Amino acid sequence: MKIIWGFFQNQILGMRWLYEIINNVLTNVGFDINSKLGSSLQFFIFNVVKIFILLSVLLFIVSYIQSFFPPERTKKILSHFQGIWANILSALLGTITPFCSCSSIPFFIGFSSAGFPVGVTFSFLIASPLVNLGSLILIASFFGLKVAFSYVIVGVTLAVIGGTLIEKLGMERYVEDFIMSKSLVDIESPDLAKQERINYAKEQMVTIVKNVFVYVILGVAVGAFINYWISADTVQSVLGEKNPFSVILATLVGIPLYSDVFGTIPVAEALYFKGVSLGTILSFMMGVIVLSLPSILMLRKAVKPKLLIMFIGIVAAGIIIIGYIFNVFQFLFV
C-alpha cells in the first residue's frame, strides 16, 4: 500500500515523470539545469505544463459534476435548510464551483435576489473561489495530502463561520436595494443528456483555462523568480518565523493581487522552498483568492459599504488566525 501511495503521490500528483522529461530535454538542448537560468526555466516549464494538465482534467470532472447543480437547483436544495446547516451546505455547494472570486459574485447576487439569508450567500461566496476539487488536487501535488485536506477543512470552516457571523450581526439591510427587490422567475433547469453534460464540461474547461491562463503564467514566473533569483535570507527577513507580523503582512500583500488558486500555488511553492512557514503561505493564498481587489470592487456594487467592510474584516481576521494556527502546528505537516 505504501508503495502504491508513493507512486500516486510522486508520479500522478507530483508528475515526476514529466519533471524528468523536461530535465532531459533542457539538458539535450544545451541548458545547464544547475545554473540559475536553467533551474528557473526548468521550474517554469514543468509547473506550467503540470498545472494545465491537472487543471484541464479536474475542470472537466468538476464541470461535469456541476452540470447536475445549476443555480435553480442549488437554490431549491438550499431552501430546505435553516440556520448553520444552511451555511454548511452553502459552503459545501461552493466547493463544486470552479470559479474565481469575481465569477462567484453573480451567484451571490442571484441567491440574494432569491431571498436567501445574507449569511448563507456569504458562506457560498467565501467557499466558492477558495475551496474546490482543483485546489485539493493541486495543493496535494505540491504540499501533500495532509496539507491539502487541512486547507479544505479550514476553508470550509472559514466560510461557515464568516457567513454565520454576518447573519448573526443582522447585515441583511446592507445589501443593495435593487438586489433585494429584484424578482426572479423560478425556472427548473431541464435535465441534460449525458452528451450534453460532456459538451458543457468541455466548454467550461476551455473557458476557464482561457480565463486563468495569464494568471498561471504570471504566478509560475513569479514563483521561479522567488525560487532562484531572490535569496532565502531576503525572503526570511520579510516573511520568516522571526517576523511576528509575517502572517498579517502576507495577508495584506495578497489582497491587492488578483488570481485564483491555480495562479497562487506556484508562488506558494517558491515561498515554501525558501523556508516560509506554512501558515504564512496559506494566509497569502487565501488573501489573494478571496479578498482580491477586483472582487471587492465588484462586490461593492451588490452590498453597501458597512457590509463590505464587515465582510473584509471578518474574512481577513479569519485568514490571519488560520495562518498563525498553521504556523504553530506546522510540525504536524512536515
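The model shown is predicted, which means the values in this text are computed figures rather than measured ones. (Residues numbered from 1 in each chain as written. Predicted model: local features only at pLDDT ≥ 70, side-chain atom pairs only at ≥ 80, totals over all residues. Heavy atoms only, no water.)

**Quick word on the overall build of the protein chain**
Short version of the rule: Helix numbers and strand numbers start at the N terminus; a helix is a DSSP run of H or I with at least 4 residues, a strand a run of E with at least 2. Throughout, exposure labels follow a simple rule: accessible area from a 1.4 Å probe, protein chains only, divided by the maximum for the residue type, with under 20% read as buried, over 50% as exposed, and the rest as partly exposed. Contact between two residues is taken to exist if any of their heavy atoms lie within 4.5 Å; hydrogens are not considered. What sets the accessible areas is the Shrake-Rupley method with a 1.4 Å probe; for residues, cover comes only from the shown protein chains.
A tally of helices and strands in the protein chain yields 17 helices and zero strands. Counting every position in the protein chain, which comprises 334 residues, the buried fraction comes to 53%. Contacts in the protein chain between residues far apart in sequence, at least 24 positions, make up 84% of those at least 6 positions apart. Carbon and sulfur atoms make up 71% of the accessible area of the protein chain, which amounts to about 15,700 Å² in all.

**Re the nonpolar core**
Put simply, the test is: Here, the term nonpolar core denotes a set of buried Ala, Val, Leu, Ile, Met, Phe, Trp, Tyr and Cys residues that are joined through side-chain atoms within 4.5 Å.
Of all hydrophobic cores here, the largest spans 85 residues; its most connected members are F122, L130, L271, L291, L307 and F311. Element by element, the count of residues in this core is highest for helix α9 (residues 145-168), at 10 residues. With residues near it in sequence (within four places) discarded, L291 still touches I255, M286, I296, F311, I312, V315, A316 and I319.

**Some remarks on helix α17 (residues 305-328)**
Stated formally: In a helix, the anticipated span is given by 1.5 Å times the number of residues less one.
End to end, α17 covers 35 Å across 24 residues, agreeing with the expected 34 Å (1.5 Å per residue, within 8%). Those residues of α17 that sit buried are L307, L308, F311, I314, V315, A316, G318, I319, I322, G323 and F326.

**Quick look at the side chain of N87**
The cut-off we apply is this: Think of a polar contact as two N or O atoms within 3.5 Å of one another; within protein, one of them needs to be a possible hydrogen donor and the other a possible acceptor, and neighboring residues in sequence only count if both atoms come from side chains.
Here N87 shows up in helix α5 (residues 83-94). Owing to a relative accessible area of 3%, N87 belongs among the buried residues under this scheme. A polar contact is formed between the side chain of N87 and the side chain of S123, at a distance of 3.0 Å. Leave out the neighbours within four places in its chain, and N87 touches G119, V120, S123, V160, G163 and T164.

**Things to note about the side chain of S283**
By the element assignment, S283 lies in helix α15 (residues 278-290). Residues within four places of S283 in sequence aside, it is in contact with V247, T251, I319, I320 and G323.

**Comments concerning the environment of F46**
When you line up the elements, F46 lands in helix α3 (residues 36-66). When the C-alpha positions of F46 and L18 are compared, they lie 7.1 Å apart, and in sequence the two are 28 residues distant. With sequence-adjacent residues up to four places away left out, F46 is seen in contact with G14, M15, L18, Y19 and I22.

**Some points on the pattern of salt bridges**
We count it as follows: Salt bridge criterion: a side-chain nitrogen from Lys or Arg within 4 Å of a carboxyl oxygen from Asp or Glu.
Taken as a whole and assessed by the stated rule, the structure comprises one salt bridge. The salt bridge involving R16 is made with E20; its shortest N-O contact spans 3.4 Å. In this pair, R16 and E20 both sit in helix α2 (residues 16-28), four residues apart, roughly one turn of the helix. On the accessibility criterion, R16 (41% relative accessible area) is partly exposed. For E20, a relative accessible area of 32% gives the class partly exposed.

**Considerations on the layout of surface pockets**
Note the cut-off: Using a grid of 1 Å spacing that covers the protein atoms alone, one calls a set of points a cavity when a 1.4 Å probe fits there but cannot get out, and a pocket when the set is open and has protein on both sides within 12 Å along at least five of seven lines; lining residues are those with an atom within 4 Å of a point. Grid points are joined across faces, edges and corners, and a volume is the space filled by probe spheres set on the points. Polar here means any residue other than Ala, Val, Leu, Ile, Met, Phe, Trp, Tyr, Cys and Pro, which are nonpolar, and Asp, Glu, Lys and Arg, which are charged; Gly is therefore polar.
Considering only enclosed or pocket space, the largest pocket measures out at about 500 Å³ in volume. Together, 25 residues line the largest pocket, and K50, S141, F142, E269 and F273 are the ones closest to its centre. Elements with a contribution of two residues or more to the lining of the largest pocket: α1 (2-13), α2, α3, α8 (133-143), α9 and α14 (261-273). The element that contributes the greatest number of residues to the lining of the largest pocket is α3, accounting for six residues. What the second largest pocket holds in volume is close to 260 Å³. Lining the second largest pocket are 14 residues, with I226, L239, V253, L271 and F284 sitting closest to its centre. At the level of secondary structure, the elements contributing two or more residues to the lining of the second largest pocket comprise α11 (194-229), α12 (232-239), α13 (246-254) and α14. Tallying contributions element by element places α12 first for the lining of the second largest pocket, with four residues. Class assignment of the residues belonging to the lining of the second largest pocket gives a composition of 13 nonpolar, one polar and no charged.

**Some thoughts on the packing of helix α7 (residues 118-130) against α9**
The following threshold applies: The axes used here are C-alpha line fits, helices contributing only the stretch in contact, and every angle between their N-to-C directions lies in the interval 0 to 180 degrees. Angle categories are assigned with fixed cut-offs, so that under 35 degrees is roughly parallel, over 145 is roughly antiparallel, 65 to 115 is roughly perpendicular, and the rest are oblique. Working rule for handedness: look at the near helix, and if it is turned counterclockwise from the far one by less than a right angle, call the crossing left-handed; if clockwise, right-handed.
At a minimum axis separation of 7 Å, α7 and α9 run at an interaxial angle of 155°. Comparing the axis directions of α7 and α9 gives the class roughly antiparallel. Note on packing geometry: the crossing formed by α7 with α9 is right-handed. Residues V118, G119, V120, F122, S123, I126, A127 and L130 of α7 form the contact with α9, whose own contacting residues are Y151, G155, L158, A159, V160, G162, G163, T164, I166 and E167. Along the lines of polarity and charge, the residues of the contact of α7 with α9 split into 11 nonpolar, six polar and one charged.

**Notes on the confidence of the model for the protein chain**
To keep things clear, this is the line we draw: pLDDT measures the predictor's confidence residue by residue and takes values from 0 up to 100.
When pLDDT is averaged across the protein chain, the result is 79; 83% of the residues are at 70 or more. The weakest mean pLDDT in the protein chain belongs to helix α10 (residues 177-180) at 65; the strongest belongs to α17 at 90. Here residues 183-188 scores under 50 on pLDDT; set against residues more than four positions off or in separate chains, the count is eight contacts.

**Considerations on the packing of aromatic side chains**
Here is the rule: Within 6.5 Å between ring centres, the rings of Phe, Tyr and Trp (the latter by its six-membered ring) count as paired, and their orientation is classed by plane angle as stacked under 30 degrees, edge-to-face over 60, tilted in between.
For the structure on display, the rule yields four aromatic pairs. Judged by centre distance (5.1 Å) and plane angle (40°), the rings of F122 and F311 are tilted. With F122 in helix α7 and F311 in helix α17, the pair connects residues that are 189 residues apart, well separated along the chain. Looking at F122, the relative accessible area reads 0%, which means it is buried.

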